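Fold and contact review
Letter by letter, the chains look like this.
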Amino acid sequence: MHSLPDSSDARSARSLIARDRGLLWHPYAPLDGDAPYAVLHAEGTRLTLGAADGTTFAAVDAMSSWWSAIHGYRHPRLDRALLEQAGRFSHVMFGGLTHEPAVRLAEQLVAMTPDGLDHVFFADSGSVSVEVALKLAVQYQRGCGRPGRTQFLALRGGYHGDTFAAMSVCDPVDGMHAAFPSLIAEQRFLPRPPAARLVDGELVADPAEVAAWVETLTASVARHADELAAIVVEPVLQGAGGMHVYAPEALAAARRVADNHGLLLIVDEIATGFGRTGRLFAAEWAGVVPDIMCVGKALTGGYLTLAAMLCSARVARVITDSPLRALLHGPTFMANPLACSVASASLELLAESGWRERVGRIERGLEAALAPARAVAGVREVRVLGAVGVVELSGPVDVAAVTRAALDHGVWVRPFRNLVYTMPPYISSAEDVAVIGAGICAAVARVHG
Ligand SMILES: *Cc1c(COP(=O)(O)O)cnc(C)c1O
């Protein structure tokens, strides 16, 4: 937006990018891939970025740093929570010790998640919380006298993280299975559940498609129940596997079928949790209470890496009554006090902030602002759910070109595959949302129109 070449900001961005290149790996990127942008400043919904060519940009953040920075950058309450805890102690081991930040945060999570999720395991990233959830399910089945049940039923198009067990339940084609042939456990997969769209605040799908999908689910579980420990899903919105919004009836059916066959239901709310889809947790779209839930990403308001796995008292009791008695996991930085403190403050802020109204306003704003993209030649579909807006192209996005074009319109986006998408911070104003929508439409039209 604002071009300030040759300012000291521009010079420091250029030199930072030069030092980064060839030194640092970035997510899913070659060492000599497209140059990153340097962050010069971040506050509220604004990022000031510098490019390798010396251009600087003042951009509205459309990404919440991958679903996490829901209250924006440098929120005074979160900054204060972090500093106050740093003044007490930044970290202590969790083996044999406990502390106020962990206990308080666990109490908050149990109170706000669906009734019945009563126990909390803190992990240091979303992927690790998924690993812990999978371990728990296997330990549970063994505790129930069913040691043969070690496989998982997952959804095509799913994404659950980058560690090995988490990768094994990601989409087997789009996931990274082919790169690590014999190392990734073989799981069972169901087709993506039928697409749903928002109509008057409800998610609506084709009933015939839903019935057919439920039949596939039922048949698959009936056939393989003796090998299956749990069904693992992202509820209603599949994120990094393609931003697919699906029928809540599919999730409700997974709950029923799991119950009928002694499987656990693991719901991965790492992306969808804390209001993002318009419900506090996306499983609420289906009125479903899982046995195990993973949360992460927005948990700390985007400040520090922390995730949590919650489970029901019934599942926990089986572990406690088993010969091992313990859940077999224990990271060094488990329940890090800085992360727990800032997460507590972030959840308080969420509760006080009127998130439901804010997410609703963002949803309506994105509907209006992204609608013009439907007229662009290369666009296949535009969809919005809660504070998530997706422009799906008919082919792969030119990531570098769309990113740059959006920055020229004052918006930071990070497209992937055939998707240009946004999940703005909840503090975004109506004007921020309008700028994001207009920037995405203009960038897509310029590069793919
Ligand atoms: C991001 C994500 C993960 C992995 O979390 P990390 O903190 O990146 O390890 C797992 N599941 C879902 C649904 C996610 O969106």
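Provided above is the structure to which this section pertains.
A brief structural summary. (Residues numbered from 1 in each chain as written. Predicted model: local features only at pLDDT ≥ 70, side-chain atom pairs only at ≥ 80, totals over all residues. Heavy atoms only, no water.)

1. Examining helix α4 (residues 100-112)
The end-to-end C-alpha separation of α4 is 18 Å, in line with the 18 Å expected for 13 residues at 1.5 Å each. If you check which residues of α4 are buried, you get Pro 101, Ala 102, Leu 105, Ala 106, Gln 108 and Leu 109. Along the long axis of α4, the arc covered by the buried residues comes to 160 degrees, so they all point the same way. Exposed and facing more than 90 degrees away from the buried side of α4 are Glu 100, Glu 107 and Ala 111. The inward-facing, buried residues of α4 abut α3 (76-88), β4 (117-123), β14 (307-312) and α10 (337-352). (Helix = DSSP H or I, 4+ residues; strand = E, 2+ residues; numbered from the N terminus. Expected span 1.5 Å × (residues − 1). Buried < 20%, exposed > 50% of the residue type's maximum accessible area, 1.4 Å probe, protein only. Arc of directions from axis to C-beta. Contact = heavy atoms within 4.5 Å.)

2. A few points about the packing of helix α7 (residues 207-224) against helix α8 (residues 248-260)
In a packed pair of helices, the relevant descriptors are the angle between the two axes and the axis-to-axis distance. Their axes nearest at 10 Å, the elements α7 and α8 cross at an angle of 25 degrees. Taken together, the axis directions place α7 and α8 in an arrangement best described as roughly parallel. Here α7 and α8 pass one another in a crossing that is right-handed. In this structure, α7 contributes Val 210, Trp 213, Val 214, Leu 217, Thr 218 and Val 221 to the contact, and α8 contributes Glu 249, Ala 250, Ala 253, Ala 254, Arg 256 and Val 257. Residue classes in the contact of α7 with α8 are distributed as nine nonpolar, one polar and two charged. (Axes fitted to C-alpha atoms, helices over the stretch in contact; angles between N-to-C directions. Parallel < 35°, antiparallel > 145°, perpendicular 65-115°, else oblique. Left-handed = near helix turned anticlockwise from the far one by under 90°. Nonpolar A, V, L, I, M, F, W, Y, C, P; charged D, E, K, R; others polar.)

3. Considering the sheet that holds strand β1 (residues 38-43)
The strand order β1-β2-β3-β17 describes an open sheet built from four strands, whose pairing is mixed. Bordering the open sheet on either side are β1 and β17 (411-412), each of which pairs with just one other strand. Examined bridge by bridge, strand β3 (residues 56-61) and β17 share two bridges and lie parallel to one another. Bridging from a neighbouring strand, Val 60 pairs with Val 411 of β17. Along the sheet, helix α13 (residues 430-448) contacts β2 (46-50), β3 and β17; its crossing angle with β3, the most-contacted strand, is approximately 115 degrees. (Pairing = 2+ DSSP bridges.)

4. So, the pattern of salt bridges
Scanning the model with the defined rule gives 15 salt bridges in all. Taking the shortest distance from any N to any O, the salt bridge between Asp 79 and Arg 74 comes out at 3.8 Å. Across the pair Arg 77 and Glu 352 runs a salt bridge, and its minimum N-O distance is 3.2 Å. Of this pair, Arg 77 sits in helix α3 while Glu 352 sits in helix α10, and the two are 275 residues apart along the sequence. Accessibility expressed as a relative area gives 54% for Glu 352, which makes it exposed. Members of the salt-bridge network, linked through shared partners, are Arg 197, Arg 380, Glu 381, Arg 383 and Glu 392. (Salt bridge = Lys/Arg side-chain N within 4 Å of Asp/Glu carboxyl O.)

Everything listed here is a matter of coordinates, which is why it stays silent on function.
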